[in-house]
Amino acid sequence: MLRTRRTPKDRAAFPTELPSGLRIPAGVSPETYASHRDVLSILLLRFMTSRLRAMYQAYDGDLTLCLVLGEIASRNTERFYDERRGYQPSSFNGQRQYLPCNALSISDVTGIPRETVRRKLAKLVDLGWIEKTPDDMYVITDRIGTVFAAFDDSQTYDLMRTSEQIKNVLQS
């Protein structure tokens, strides 16, 4: 059987389409999960809306810029955290070794047109948040940690608070 690959644009057209197979956290019965789905939806709605609002404000309304930077940072830091092994520091001569990415890979994964990605990359370089390597790849700069420290703390707090609320709902 042939499988067609859904593009980000296809997925955006049907955001409520469920992934194949319901994924329920270990230790939670499907019945408990189903009986609390409405409350879980409200908690996730509040969390996501709060985060989107914070991102909108942090990026002066440019959520595309936020997404492009997020994709670069995710790709660059892929090797530093592995689900099975946890944190894995990676450095060479005291310098962090990032996995670089290019405009095409960002465009492919996000569905954002390549020219738009290129414009956002230029803006991020101007801001000093990323830098371009000699082979036309992009990596985050150390400035990111300083610029976004308070923002990251806020996101971590909200995520942990929401996680605790979800845990309480599922254990009730």
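Above this note sits the structure.
So, a few notes on the structure that sits alongside this text. Treat the numbers as computed from the prediction; the structure is a model and nothing was measured.

Assignment of secondary structure puts Thr 77 in the loop between helix 4 (63-76) and strand 1 (81-82). Look at Thr 77 and you get partly exposed, because its relative accessible area is 29%. Not counting chain neighbours up to four residues away, the residues in contact with Thr 77 comprise Tyr 98 and Ile 140. A polar contact of 2.6 Å, which involves the side chain of Thr 77, links it to the backbone oxygen of Ala 73.

Here we take up the nonpolar core. Leu 69, Ile 72, Leu 121, Leu 124 and Ile 130 are the most contacted members of the largest nonpolar core, which totals 25 residues. Mapped by element, the contributors of at least two residues to this core are helix 3 (37-58), helix 4, helix 5 (103-110), helix 6 (114-127) and strand 6 (138-140). When residues in this core are grouped by element, the largest group, five residues, is from helix 4. Apart from residues lying up to four places away in sequence, Ile 72 is in contact with Cys 101, Ile 106, Leu 121, Leu 124, Ile 130, Tyr 138, Val 139 and Ile 140. Among the nonpolar cores identified, the runner-up in size contains six residues, and Val 28, Tyr 33, Leu 43 and Val 169 belong to it.

The rules behind the values
Residues numbered from 1 in each chain as written. Predicted model: local features only at pLDDT ≥ 70, side-chain atom pairs only at ≥ 80, totals over all residues. Heavy atoms only, no water. Helix = DSSP H or I, 4+ residues; strand = E, 2+ residues; numbered from the N terminus. Buried < 20%, exposed > 50% of the residue type's maximum accessible area, 1.4 Å probe, protein only. Contact = heavy atoms within 4.5 Å. Polar contact = N/O pair within 3.5 Å; in protein donor to acceptor, adjacent residues only side chain to side chain. Core = buried A, V, L, I, M, F, W, Y, C linked by side-chain atoms within 4.5 Å.

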